Structure formats: C-alpha cells, structure tokens
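Summary of structural features
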Amino acid sequence: MHIEFAKGHGTRNDFVLFADPDNLYDLTADQVSHLCDRRGGIGADGVLRAVRCALVPGWEAEGERWFMDYRNADGSIAEMCGNGLRVFLAYLLDQGLIDARPIDIVTRAGVLHGEFLPDGRIRVTMGVPTI
C-alpha cells in the first residue's frame, strides 16, 4: 500500500495525516500502531485521516463535509482531539481541499466548527464537556 502523508504538530501533539476522500484506506489498529511507533515507524501521537462524509456510514447526510477519522497511537479509535482538529484543518487548507472560510468538520464527537484567524491561528469548538 502506498499512501502520501504529512506530519503535523499542534501544541506538543504530533500526527500523521493523509487524505482519503474516497474512503479506500481504513487502516487497521496494527497499521496505525506501526505508523505511530517512534522507533519503527514515522512516529506520532495519532493518525488523522480525511474522508468525505458521504462515504462514512452514519454520516452520509453530511455530504461534502470532511470527516476527521482520528486514531490514537495504539490504533484505538478516538472521538476527537482539539489539537488534532486544528492540525487537521491546517492540513486540509494546505492541500487545497478547503479554503480559509469557517468550516464544520465531522468527528465521532459530533460536528465541530473551525475558523482561520487573521493572525494565522486556528480556532475550533470543542463541543459541550461532559463528566
């Protein structure tokens, strides 16, 4: 398997990122764990995969929005990550997949909102905290 990827970081978290608009590369837990291994792989806190929502079961109604498929370094599935969401938005912008307008991103924690600020920072909503 050949996948073009990027490495990004935000506030001391680092991620392997790749675009999979057609939902062709749903990595296994072992594959994610290998990619994130700091001695045998690329090394990261997790993997962020960008998938068109129209192809993600349960999110088909979101159509052209992007789904942030976040996997922890051990390969487990995560709902979302705030630092990861900011890095994900920067990646989508850099790849020309979105423009700098405010955007909603679908995560396993729900739909979250991101904005590109004039000073270059990225602001995201984190959803309602629960205990």
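These notes cover the structure that comes with them. Numbering of residues starts from 1 in every chain and runs along the sequence as written. Whole-chain, interface and lining totals are the exception, using all residues; otherwise, since this is a predicted model, local features are given only for residues with pLDDT of at least 70 and side-chain atom pairs are given and counted only at 80 or more. Water and hydrogen atoms were dropped before computing side-chain values, which therefore reflect all heavy atoms in the structure.

**Here we look at the overall build of the chain**
Where we set the bar: Counting from the N terminus, the helices are the DSSP runs of H or I reaching at least four residues and the strands are the DSSP runs of E reaching at least two. With a 1.4 Å probe rolled over the protein chains alone, any residue whose accessible area is under 20% of its type maximum counts as buried; one over 50% counts as exposed, and the rest are partly exposed.
Scanning the chain for helices and strands turns up two helices and seven strands. Helices (α) and strands (β) of the chain occur, in sequence order from the N terminus, as β-β-α-β-β-α-β-β-β. Principal-axis analysis of the C-alpha atoms places the extent of the chain at approximately 40 × 35 × 35 Å. Residue burial in the chain is summarised as follows: out of 131 residues, 40% are buried.

**Quick look at the nonpolar core**
Just so we agree on the cut-off: We call a set of buried residues a nonpolar core when its members are Ala, Val, Leu, Ile, Met, Phe, Trp, Tyr or Cys and they connect through side-chain atoms within 4.5 Å of each other. In what follows, residue pairs with any heavy atoms lying within 4.5 Å of each other are defined as contacts.
Leu-48, Met-68, Phe-88, Leu-89, Leu-92 and Ile-105 are the most contacted members of the largest nonpolar core, which totals 23 residues. If you list the elements that add at least two residues to this core, you get β2 (13-19), β3 (46-52), β4 (66-72), α2 (82-94), β5 (103-107), β6 (110-116) and β7 (122-124). Among all residues touching Ile-105, those that are not within four sequence positions of it are Trp-66, Met-68, Leu-85, Phe-88, Leu-89, Leu-92, Gly-110, Val-111 and Leu-112.

**A few points about the sheet that holds β2**
As a reminder of what qualifies: Whether two strands pair comes down to DSSP finding at least two bridges between them. Only the stretch in contact is used when a helix axis is fitted, and all axes are lines through C-alpha atoms; the angle between N-to-C directions ranges over 0 to 180 degrees.
The strand order β1-β2-β3-β4-β5-β6-β7 describes an open sheet built from seven strands, whose pairing is mixed. One side of each edge strand has no neighbouring strand; the edge strands of this open sheet are β1 (6-10) and β7. Neighbour-to-neighbour, the strand axes of the sheet open up by a mean angle of 35°, direction not taken into account. Strand direction decides the pairing type here: β1 and β2, joined by five bridges, are antiparallel. Within the sheet, the bridge partner assigned to His-9 lies in β2 and is Asp-14. The strands touched by helix α1 (residues 29-36) within the sheet are β3 and β4, with β3 carrying the most contacts at an inclination of about 125°. Packed onto the sheet, α2 meets β1, β2, β3, β4, β5, β6 and β7 and runs at close to 40° relative to β2.

**Overview of the pattern of salt bridges**
We apply this condition: We define a salt bridge as a side-chain nitrogen of Lys or Arg found within 4 Å of a carboxyl oxygen belonging to Asp or Glu.
Enumeration over the complete set of coordinates arrives at 15 salt bridges. A salt bridge links Arg-38 to Asp-45, with the shortest nitrogen-to-oxygen separation between them at 3.2 Å. Here Arg-49 ties to Asp-69 by a salt bridge, and the two come within 2.8 Å at their closest N and O atoms. On the criterion of sequence distance, the pair formed by Arg-49 in strand β3 and Asp-69 in strand β4 is long-range, its members being 20 residues apart.

**Here's the deal with the pairing of β3**
Applied cut-off: Here, the term right-handed applies to a crossover whose path from the first strand over the helix to the second runs clockwise when the strands point away from the viewer.
Burial of β3 is extensive: six of the seven residues sit out of reach of the surface. With five bridges connecting them, β2 and β3 associate as parallel partners. The residue of β3 that forms the bridge with Val-16 is Val-47. Read as a crossover between parallel neighbours, the route from β2 over α1 to β3 is right-handed. Pairing geometry for β3 and β4, over seven bridges, is antiparallel. Within β4, the residue paired with Val-51 across the bridge is Phe-67.

**Remarks on the packing of aromatic side chains**
Applied cut-off: Ring pairs shown here join Phe, Tyr and Trp side chains whose ring centres sit within 6.5 Å, with only the six-membered ring taken for Trp; geometry is labelled stacked below 30 degrees between planes, edge-to-face above 60, and tilted in between.
Applying the stated criterion to the full structure yields one aromatic pair. Between the aromatic rings of Phe-15 and Tyr-70, the centroid separation amounts to 6.0 Å while the plane-to-plane angle is 70°, which identifies the pairing as edge-to-face. With Phe-15 in strand β2 and Tyr-70 in strand β4, the pair connects residues that are 55 residues apart, well separated along the chain.

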